[in-house]
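These are the residues of each chain, in order.
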Amino acid sequence: MTITQAPGKTTTTQAPAPRPRVNLEPYLYLLPHALLFFVFTVYPVGYGIYIATHRWDLLAETQAFVGSEYFRNLFTPGTPQFEFFWRTLINTAFFTVVTVPLLVASSLGLAVLLHRPIFGRTFFRAVFFMPGILTVSVMGILWRWMFDNQIGLVNAARELMTGAGPIPWLSTEGLAWIPIVVGTVWWTVGFNMTLYLAALSNVSQSLYEAASLDGATSGQQFRYITWPMLGPITLFVTVTTALASFQLFGQSLVITNGGPSRSTQSVTQYITEEAFTNSQYSSAAAMGFVFGLFMLVLTAAQFRIMARDVQAVEQK
Amino acid sequence: MTVQTSPPATHRRRRLPRELPRFLLLSVLSVLFLAPLYWMLSTSLKFEADAIASPVQWWPRNPTLDNYKEVLTSPDGNILRWTWNSLFVAFTFTIGHVLLCALTAYPLARMNFPGRNAWFWFILSSLMIPGIVTLIPHYIMMLNFNWINSYHALIWPGIAGVFGVFLLRQFFIAIPRELEEAARLDGANSFQILWRIILPLSVPALITLAVFSFMGSWNNFLWPLFTVTEVDKMTLPVGITTFSQRYVTEYGKLMAATTLAAVPVLIAYLIAQRYLEAGLSTTGLKE
């Protein structure tokens with residue numbers, strides 16, 4: 001599964017020095033990392049294929065070879081694996097499609113609000129960034145409480161403002177996504193906001209000055225200067241956010257435990273359930289590969305952005 | 001990799017009235033952002049009856065520390081123990097990870113040898129392998145190594161990361177060659193150059209990587225959730241969820257536990273805020 005990319009057009013500045021014998025020194029530096037890299041990154045990919053093509057039984061001496069059975073299950077209507085795998089994959093895709101635009105827009109919005117000096121700027125930045133340092137389980141427990149069916153703060157605030165009775169957010173299909181999405185935005189918007197703030201400070205101030213001399217409104221300035229100048233960072237934020245959203249696990253596990261009736265279960269949660277609750281390790285490994293293929297597309301996009309960065313450094 | 005934290009102050013204080021709408025908007029948003037944290041703290045100080053009272057008590061009328069006392073002395077699990085586990089694992093992981101990445105990034109950035117670019121692209125391409133692909137094989141490996149319920153399972157599998165190599169290599173490349181050549185003339189060997197020149201000049205990158213590794217390990221949830229099942233070996237994020245399963249309807253205690261888990265991190269953040277955000281804005285980003 002590893003993909004080796006050809007060295008490509010990397011430019012080396014030094015001419016190859018003629019050496020009497022091979023210098024072992026660089027390889028000695030590489031060795032410790034390389035050993036661990038083989039054991040914990042390269043080998044597990046091959047081992048994963050072995051597990052997925054055998055019927056894994058932790059108690060058995062030898063594992064029976066079953067070929068592509070577990071992969072075929074995933075594409076055969078009627079098997080529980082087929083039903084739940086695709087259902088949870090669609091759940092995850094839905095979550096990604098909803099959160100990515102929300103997170104990109106809200107982090108950009110906050111960054112624009114905070115970019116120019118204003119009283120209390122450091123305080124505001126800290127407030128928006130702070131939730132992101134909580135661990136996912138703390139964040140999840142907190143938002144489960146906020147959206148508690150009966151006495152959560154959200155229902156209380158709603159009652160205070162409209163007089164309406166409590167909404168059972170956590171146990172209503174469809175609505176149960178709201179605490180997960182709101183919690184995720186609250187939790188992660190600060191990271192992306194910080195990236196946007198850094199990018200905004202690189203946009204030359206003279207562009208705005210020239211634009212205001214020409215009589216451009218602030219809306220036009222955003223449309224014609226800020227937004228295009230932020231293109232690379234928006235691409236980066238979109239891809240990394242999509243990658244993170246696609247790996248949804250802790251938020252839905254802690255806030256709704258995937259419920260009601262699996263409507264908010266993420267594909268990662270289903271894979272872990274298949275492995276650690278049903279002891280179907282081979283089936284879970286096969287799902288890991290198939291889901292991994294979907295993620296590969298997103299990862300490839302991020303990889304390309306990083307590779308461009310390498311070339312930028314090497315051409316200096 | 002330059003960090004510009006603030007734009008030139010072209011807008012002066014005199015403009016404040018014009019800035020008022022922006023300031024008010026930010027204030028309202030801040031209140032919304034802080035509300036969950038306030039509610040967590042507030043609930044943690046209430047007796048259970050007050051925590052679930054209707055209409056809600058916005059301010060704890062009879063504040064109590066009982067929830068904290070109970071959570072800290074609970075026989076079902078020990079928050080202090082989990083915090084220690086998390087700290088130990090995160091520190092060990094971070095030191096090992098940064099060290100391994102630096103040792104690998106050094107020759108990749110500063111030496112010329114056959115296979116250099118091929119190796120760099122090979123390990124870098126492993127970033128394309130999504131974590132879910134190695135989840136099950138890693139788990140079975142931990143079973144085979146007898147590492148379930150041990151710190152080993154939490155430290156080793158991710159320690160030879162590749163993003164750190166990438167980050168440090170980018171940084172090492174930018175260090176002027178003259179410094180290295182001067183040291184070499186003085187008789188320094190390659191390790192002395194790494195130790196005395198490259199690493200001291202790379203402190204910002206090393207700190208960035210260390211902060212990210214530490215936070216990554218500290219916040220890791222999925223992997224320790226399944227590889228650690230003994231209560232005493234759990235890390236904080238996992239331990240807290242066992243409370244959440246036990247005290248599912250006792251929100252006062254649950255919020256005391258989450259507050260105990262959150263407050264040290266919030267304090268650490270407020271102290272390290274500048275470095276953290278500066279590090280974040282230099283990571284892998286270029287115009």
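Conventions and cut-offs
- Residues numbered from 1 in each chain as written.
- Chains lettered and ligands numbered in written order.
- Predicted model: local features only at pLDDT ≥ 70, side-chain atom pairs only at ≥ 80, totals over all residues.
- Heavy atoms only, no water.
- Helix = DSSP H or I, 4+ residues; strand = E, 2+ residues; numbered from the N terminus.
- Rg over C-alpha atoms; globule rule 2.2 N^0.38 Å.
- Buried < 20%, exposed > 50% of the residue type's maximum accessible area, 1.4 Å probe, protein only.
- Contact = heavy atoms within 4.5 Å.
- Areas by Shrake-Rupley, 256 points an atom, 1.4 Å probe, with all protein chains shown as cover.
- Buried area = accessible area lost by both parts, 1.4 Å probe.
- Salt bridge = Lys/Arg side-chain N within 4 Å of Asp/Glu carboxyl O.
- Patch = residues over 30% accessible without salt bridge, like charges linked within 9 Å, V, L, I, M, F, W, Y side chains within 5 Å.
- Lys, Arg positive; Asp, Glu negative; His and termini not counted.
- Polar contact = N/O pair within 3.5 Å; in protein donor to acceptor, adjacent residues only side chain to side chain.
- UniProt positions renumbered as here; feature names shortened; annotations may be inferred.
- Domains from an automatic or database assignment.
- Axes fitted to C-alpha atoms, helices over the stretch in contact; angles between N-to-C directions.
- Parallel < 35°, antiparallel > 145°, perpendicular 65-115°, else oblique.
- Nonpolar A, V, L, I, M, F, W, Y, C, P; charged D, E, K, R; others polar.
- Expected span 1.5 Å × (residues − 1).
- Bend = angle between axes of the 7 residues up to and from the residue.

**Q** Before we go on, may I ask you to explain the overall build of chain B in this structure?
**A** A tally of regular secondary structure across chain B gives 14 helices and 0 strands. Counting from the amino terminus, chain B carries its helices and strands in the arrangement α-α-α-α-α-α-α-α-α-α-α-α-α-α. Relative to the compact-globule value of 19 Å for 287 residues, chain B shows a C-alpha radius of gyration of 24 Å, a clear excess of over 25%. Dimensions of chain B, computed from the C-alpha atoms along their principal axes, are close to 75 × 70 × 35 Å. Within chain B, buried positions represent 54% of all 287 residues. Long-range contacts, defined as pairs at least 24 residues apart, comprise 72% of the intrachain contacts of chain B with a sequence gap of at least 6. Of the roughly 13400 Å² of accessible surface on chain B, a fraction of 66% belongs to carbon and sulfur atoms.

**Q** Before we go on, may I ask you to explain the interface of chain B and chain A in this structure?
**A** When the parts come together, some accessible area is lost, and that loss is often what is quoted as the size of the interface. Listed by partner, the interface residues are 114 residues for chain B and 114 residues for chain A. Approximately 10900 Å² of surface area, both sides summed, lies buried where chain B meets chain A, with 76% of it carried by carbon and sulfur atoms. Ranking the residues of chain B by area buried against chain A places B:Phe33, B:Trp121 and B:Met128 at the top, with a combined share of 8%. Applying the counting rule to chain B against chain A returns 1 salt bridge. A salt bridge links A:Arg116 to B:Glu19; its shortest N-O distance comes to 3.8 Å.

**Q** What should I look at first to understand a nonpolar patch on the surface in this one?
**A** On the surface, a cluster of nonpolar side chains totalling about 520 Å² of accessible area is made up of A:Val22, A:Leu24, A:Leu28, A:Leu31 and A:Leu35. Among the structural elements, A:Leu35 can be located in helix 1 (residues 25-52).

**Q** What is the right way to look at the side chain of A:Asp148 in this model?
**A** Inspection of the secondary structure puts A:Asp148 in the loop between helix 5 (136-146) and helix 6 (153-162). A:Arg144 provides the closest opposite charge to the buried, unpaired A:Asp148, separated from it by 6.6 Å. Engagement of the side chain of A:Asp148 in a polar contact is seen with the backbone nitrogen of A:Ile151, the distance being 3.2 Å. Once residues within four sequence positions are removed from consideration, A:Asp148 is found in contact with A:Asn155, A:Leu170 and B:Tyr251.

**Q** Help me understand the UniProt feature "transmembrane region" (unreviewed entry) in chain B in this model?
**A** As annotated in UniProt, the feature "transmembrane region" (unreviewed entry) corresponds to residues 20-41, 82-106, 118-141, 153-172, 193-215 and 254-272 of chain B in the numbering used here. The annotated region residues 118-141 of chain B carries 79% helix and 0% strand content, and the separation between its end C-alpha atoms amounts to 28 Å.

**Q** Quick question: what am I supposed to make of the domain arrangement of chain B here?
**A** All names here are of chain B. Segmentation of chain B into domains returns domain 1 (9-67) and domain 2 (73-282). Here the C-alpha centroids of domain 1 and domain 2 sit 33 Å apart. Every contact between the two is made by 7 residues of domain 1 and, on the other side, 10 residues of domain 2. The junction of domain 1 with domain 2 conceals about 730 Å² of combined surface from both sides, 73% of it contributed by carbon and sulfur atoms. Among the residues of domain 1 in contact with domain 2, Met40, Glu48 and Asn67 are the three that bury the most area, contributing 62% of the side total. Taken together, domain 1 and domain 2 are joined by 2 residue pairs in polar contact (both at pLDDT 80 or more).

**Q** For this particular structure, what's the right way to read the packing of helix 10 (residues 190-201) of chain B against helix 11 (residues 203-219) of chain B?
**A** If you want to describe how two helices pack, look at the angle between their axes and the distance between the axes. All names here are of chain B. Where helix 10 meets helix 11, the closest approach of the two axes is 5 Å, and the angle between their N-to-C directions is 70°. In this view, helix 10 runs roughly perpendicular relative to helix 11, as classed from their interaxial angle. Listed contacts from helix 11 to Leu199, Pro200 and Leu201 of helix 10 are Val203, Pro204 and Leu206. Residue classes in the contact of helix 10 with helix 11 are distributed as 6 nonpolar, no polar and no charged.

**Q** Looking at this model, I keep getting lost on helix 6 (residues 131-145) of chain B. Mind explaining?
**A** For an α-helix, the turn length of 3.6 residues means that residues three or four places apart are oriented alike. The end-to-end C-alpha separation of helix 6 of chain B is 20 Å, in line with the 21 Å expected for 15 residues at 1.5 Å each. Along helix 6 of chain B, the helix axis deviates most sharply at B:Pro137, where the bend reaches about 25°. Along helix 6 of chain B, 11 of the 15 residues are buried, which leaves the element largely enclosed by surrounding structure. Those residues of helix 6 of chain B that fall on the buried side of the exposure criterion are B:Ile132, B:Val133, B:Thr134, B:Leu135, B:Ile136, B:Pro137, B:His138, B:Tyr139, B:Ile140, B:Met141 and B:Met142. Buried residues along helix 6 of chain B sit against helix 1, helix 12 (267-277) and helix 13 (281-314) of chain A together with helix 7 (151-155) and helix 12 (222-227) of chain B. B:Asn146 occupies a position one or two residues after helix 6 of chain B and carries a positive phi of about 60°.

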